[in-house]
Amino acid sequence: KQEVTQIPAALSVPEGENLVLNCSFTDSAIYNLQWFRQDPGKGLTSLLLIQSSQREQTSGRLNASLDKSSGRSTLYIAASQPGDSATYLCAVRDTDKLIFGTGTRLQVFP
Amino acid sequence: GAGVSQSPSNKVTEKGKDVELRCDPISGHTALYWYRQRLGQGLEFLIYFQGNSAPDKSGLPSDRFSAERTGESVSTLTIQRTQQEDSAVYLCASSLVGTDTQYFGPGTRLTVL
């Protein structure tokens, strides 16, 4: 059974810091891996999607890497801003459904 | 519509009552998913609809949970005889067949007293 783990569970950093969020999964037979952002009272917003054949994806200040053989992904956020404060979820696609980690709650303070 | 919508946004009910949660997917999206997020936990897959195919119900936690979808439109998730452990945010997502990105609605927060 696929299990997805995220560390740290919570992170508080000053504005401007570069930071790394970690995601690990137990079964390397995945179709893809996605990183989402969840804001309180709102739905999930997809940030980056990495196909199983890819190693990384970049969007603006965000960079996500995937090492399928070791069951790991990282989300790198450069020059963090207070607007980045949210919960970040990673999810692996298992056939048709997504299996989510429990998330990292990020707070960026001015 | 512009995105996935869900109603109600909040629902408070008494233990033992039945509830219905509604999801309106993005127009043209043939795939529809329901997930549940309990406090402090990750999202759990509940059920998946794809066009006219039989739904994947493998994530439904008990026979008190059921869901329907007519064609490629609205879906309703029904929870019968609600229990306190059913309290959670219920999220709906839709996607185009052949694509990987799921678009999520804002969720329905269900509280069972």
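Right, let's walk through the structure included here. All values reported here derive from a predicted model rather than from experimental measurement. (Residues numbered from 1 in each chain as written. Chains lettered and ligands numbered in written order. Predicted model: local features only at pLDDT ≥ 70, side-chain atom pairs only at ≥ 80, totals over all residues. Heavy atoms only, no water.)

## A word on the overall build of chain B
Next, step 1: Secondary structure assignment for chain B yields zero helices and 10 strands.
Next, step 2: Helices (α) and strands (β) of chain B occur, in sequence order from the N terminus, as β-β-β-β-β-β-β-β-β-β.
Next, step 3: Against the 2.2 N^0.38 benchmark of 13 Å for 113 residues, chain B shows a C-alpha radius of gyration of 13 Å, consistent with a compact globule.
Next, step 4: Seen along its three principal axes, the alpha-carbon backbone of chain B occupies a region of about 40 × 25 × 25 Å.
Next, step 5: Looking at chain B as a whole, 47% of its 113 residues qualify as buried.
Next, step 6: Intrachain contacts of chain B at a sequence separation of at least 6 include 55% that bridge at least 24 residues.
Next, step 7: Accessible surface, chain B as shown: approximately 5400 Å² in total, 45% of it carbon and sulfur.
Next, step 8: Of the side-chain charges in chain B, 11 are positive and 12 negative, and the distance between the mean point of each set is 6 Å. (Helix = DSSP H or I, 4+ residues; strand = E, 2+ residues; numbered from the N terminus. Rg over C-alpha atoms; globule rule 2.2 N^0.38 Å. Buried < 20%, exposed > 50% of the residue type's maximum accessible area, 1.4 Å probe, protein only. Contact = heavy atoms within 4.5 Å. Areas by Shrake-Rupley, 256 points an atom, 1.4 Å probe, with all protein chains shown as cover. Lys, Arg positive; Asp, Glu negative; His and termini not counted. Charge placed at Lys NZ, Arg CZ, Asp CG, Glu CD.)

## So, the sheet that holds strand β7 (residues 62–67) of chain A
Residue and element names in this part refer to chain A.
Next, step 1: Across the sheet, which stays open at both edges, the five strands sit in the order β1-β3-β8-β7-β6 with antiparallel pairing between neighbours. Here the strands that pair on one side only, and so sit at the sheet edges, are β1 (4–7) and β6 (56–59). The mean inter-strand angle of the sheet, taken between neighbouring strand axes irrespective of direction, is 15°. (Pairing = 2+ DSSP bridges. Axes fitted to C-alpha atoms, helices over the stretch in contact; angles between N-to-C directions.)

## Quick notes on unusual backbone geometry
Next, step 1: Here the amide bond leading from I7(A) into P8(A) is cis, since omega sits at 0°, within 30 degrees of zero.
Next, step 2: For R81(B), which is not glycine, the phi dihedral falls at a positive 50°.

## Considering the pattern of salt bridges
Residue and element names in this part refer to chain B.
Next, step 1: The full count for this structure, using the stated rule, is six salt bridges over all chains.
Next, step 2: The salt bridge partner of E44 is R38, with a shortest N-O separation of 3.4 Å.
Next, step 3: The partly exposed category is assigned to E44, whose relative accessible area is 25%.
Next, step 4: A residue is classified by how much of its surface remains accessible, and R38, at 23% relative accessible area, is partly exposed.
Next, step 5: Two residues, D86 and R64, come together in a salt bridge whose shortest N-O distance is 2.8 Å. In this pair, D86 is assigned in the loop between β7 (75–79) and β8 (88–95) and R64 in the loop between β5 (43–50) and β6 (65–69), connecting sequence segments 22 residues apart. (Salt bridge = Lys/Arg side-chain N within 4 Å of Asp/Glu carboxyl O.)

## Things to note about the state of the cysteines
Residue and element names in this part refer to chain A.
Next, step 1: Scanning all chains against the criterion turns up two disulfides over all chains.
Next, step 2: One disulfide in the model links C23 with C90; its S-S distance is 1.9 Å. Taking the sign of the S-S torsion, about 70° here, the bridge from C23 to C90 comes out right-handed. Of the two residues, C23 sits in strand β3 (residues 19–25) while C90 sits in strand β9 (residues 86–94), which places them 67 residues apart along the sequence. A single burial state applies to C23 and to C90, both of which are buried. (Disulfide = S-S within 2.5 Å.)

## Some points on the nonpolar core
Most often, soluble globular proteins keep nonpolar side chains buried together rather than apart.
Next, step 1: Grouped together as the largest cluster of nonpolar side chains are 23 residues, with contacts concentrated most on L33(A), W35(A) and L75(A).
Next, step 2: Counting only elements with at least two residues in this core, the list comes to β3, β4 (32–38), β5 (44–51), β7, β8 (72–77), β9 and β11 (104–109) of chain A.
Next, step 3: Setting aside anything within four residues of it in sequence, one finds L75(A) in contact with L19(A), V20(A), L21(A), W35(A), L47(A), L48(A), L62(A), N63(A), A64(A) and Y88(A).
Next, step 4: In this structure, C23(B), A88(B), C92(B) and V112(B) belong to the second largest nonpolar core, which totals 20 residues. (Core = buried A, V, L, I, M, F, W, Y, C linked by side-chain atoms within 4.5 Å.)

## Points about the pairing of β1(A)
Residue and element names in this part refer to chain A.
Next, step 1: The alternating pattern of β1 places V4 and Q6 on a buried face, while none of T5 and I7, on the opposite face, is buried.
Next, step 2: Across four bridges, the pairing between β1 and β3 is antiparallel. Bridge pairing in β3 places T5 opposite S24.

## Some details on the interface of chain B and chain A
It is common to report an interface's size as the accessible area lost on association of the parts.
Next, step 1: Listed by partner, the interface residues are 18 residues for chain B and 19 residues for chain A.
Next, step 2: Here chain B and chain A share an interface that buries about 1400 Å² over both sides, 53% of which is from carbon and sulfur atoms.
Next, step 3: In terms of surface lost to chain A, no three residues of chain B exceed L43(B), D100(B) and F104(B), which account for 37% of the buried area on that side.
Next, step 4: Inspection of the region where chain B meets chain A yields zero salt bridges.
Next, step 5: For the pair chain B and chain A, the number of links is two residue pairs in polar contact (both at pLDDT 80 or more).
Next, step 6: Secondary structure elements with two or more residues in the side of chain B that touches chain A: β4 (31–37) and β5 of chain B.
Next, step 7: Of the residues in the side of chain B that touches chain A, the class split is eight nonpolar, eight polar and two charged. (Buried area = accessible area lost by both parts, 1.4 Å probe. Polar contact = N/O pair within 3.5 Å; in protein donor to acceptor, adjacent residues only side chain to side chain. Nonpolar A, V, L, I, M, F, W, Y, C, P; charged D, E, K, R; others polar.)

Taken by themselves, the reported measurements are silent on function.
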